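Spelled out, the chains give:
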Amino acid sequence: MAIDTGERVVPTVIHRTRSELVEQRERLLAGVHMSYEELAERAATYSLSLRELDVWHTIEGLDYLLDGDEVKPFWP
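Keep in mind the model is a prediction, meaning the values are calculated, not measured.

Visitor: Explain the packing of aromatic side chains here, please?
Guide: To describe a pair of aromatic rings, one takes the distance between the centres and the angle between the planes. Evaluated as defined, the whole model comprises 1 aromatic pair. Considering the side-chain rings of Tyr36 and Trp56, the 5.7 Å spacing of their centres and the 40° angle between planes classify their relative orientation as tilted. Residue Tyr36 is found in helix 2 (residues 36–44), and its partner Trp56 is found in helix 3 (residues 50–66); the two are separated by 20 residues along the sequence.

Below you can see the structure in the form of structure tokens.
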């Protein structure tokens, strides 16, 4: 499905497998050099840089999509 903006077609759905989402999540954590627990703790105390905060929000979205056994709770 896509939206026609008059200039170009913008996709509205991205299809990823569960393993691709898990890999993306792991790459994001490695990119900020933190474990999920460290990132969650720093998010809870409002001590993330803007880049780290962006990663945190992306991981929250990935966790929502994964919604399974591999996802840890927000509060460590």
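Visitor: Can you help me understand the confidence of the model for the protein chain in this one?
Guide: Where the model shows low pLDDT, its predicted coordinates should not be examined in detail. In this model, the protein chain carries an average pLDDT of 84, and 78% of its residues clear a pLDDT of 70 or more. Predicted confidence in the protein chain is weakest over strand 1 (residues 2–4), with a mean pLDDT of 56, and strongest over helix 2, with 96.

Visitor: Would you mind showing me how to read helix 2 here?
Guide: The α-helix winds at 3.6 residues per turn, so residues separated by three or four positions along the chain end up facing the same way. Buried within helix 2 we find Tyr36, Leu39, Ala40 and Ala43. Taken around the axis of helix 2, the buried residues stretch over an arc of 100°, which confines them to a single face. Each element contacted by the buried residues of helix 2 is listed here: helix 1 (18–31) and helix 3. Tyr46 sits one or two positions beyond helix 2 and adopts a positive phi of about 55°.

Visitor: Please clarify how the packing of helix 2 against helix 3 should be interpreted in this entry.
Guide: In a packed pair of helices, the relevant descriptors are the angle between the two axes and the axis-to-axis distance. At their nearest, the axes of helix 2 and helix 3 sit 11 Å apart, and the two run at 115° to each other. With respect to helix 3, the element helix 2 is oriented roughly perpendicular. Judged by the sense of rotation from one axis to the other, the crossing of helix 2 with helix 3 is left-handed. Between helix 2 and helix 3, the residues in contact are Tyr36, Leu39, Ala40, Arg42 and Ala43 and Glu52, Val55, Trp56, Ile59 and Asp63, respectively. Here the residues of the contact of helix 2 with helix 3 are counted per class, giving 7 nonpolar, no polar and 3 charged.

Visitor: What is the right way to look at the side chain of Asp63 in this model?
Guide: Mapped onto the elements, Asp63 comes out in helix 3. Given a relative accessible area of 9%, Asp63 falls into the buried group. Polar contacts involving the side chain of Asp63 include one to the side chain of Arg25, which spans 2.5 Å.

Visitor: Could you clarify how one ought to interpret unusual backbone geometry in this entry?
Guide: Outside of glycine, negative phi angles account for most residues, and trans bonds account for most peptide bonds. Phi is positive for His33, close to 55°, though the residue is something other than glycine. Inspection of the secondary structure puts His33 in the loop between helix 1 and helix 2. In this structure His33 comes out as exposed when scored by relative accessible area, which is 72%. Residues other than glycine seldom take positive phi values, yet Tyr46 does so here, at roughly 55°. By secondary structure assignment, the location of Tyr46 is in the loop between helix 2 and helix 3. Under the relative-accessibility criterion, Tyr46 is labelled exposed at 75%.

Reading the values: the criteria
- Residues numbered from 1 in each chain as written.
- Predicted model: local features only at pLDDT ≥ 70, side-chain atom pairs only at ≥ 80, totals over all residues.
- Heavy atoms only, no water.
- Phe/Tyr/Trp six-rings, centres within 6.5 Å; stacked < 30°, edge-to-face > 60°.
- Helix = DSSP H or I, 4+ residues; strand = E, 2+ residues; numbered from the N terminus.
- pLDDT = per-residue confidence, 0-100.
- Buried < 20%, exposed > 50% of the residue type's maximum accessible area, 1.4 Å probe, protein only.
- Arc of directions from axis to C-beta.
- Contact = heavy atoms within 4.5 Å.
- Axes fitted to C-alpha atoms, helices over the stretch in contact; angles between N-to-C directions.
- Parallel < 35°, antiparallel > 145°, perpendicular 65-115°, else oblique.
- Left-handed = near helix turned anticlockwise from the far one by under 90°.
- Nonpolar A, V, L, I, M, F, W, Y, C, P; charged D, E, K, R; others polar.
- Polar contact = N/O pair within 3.5 Å; in protein donor to acceptor, adjacent residues only side chain to side chain.

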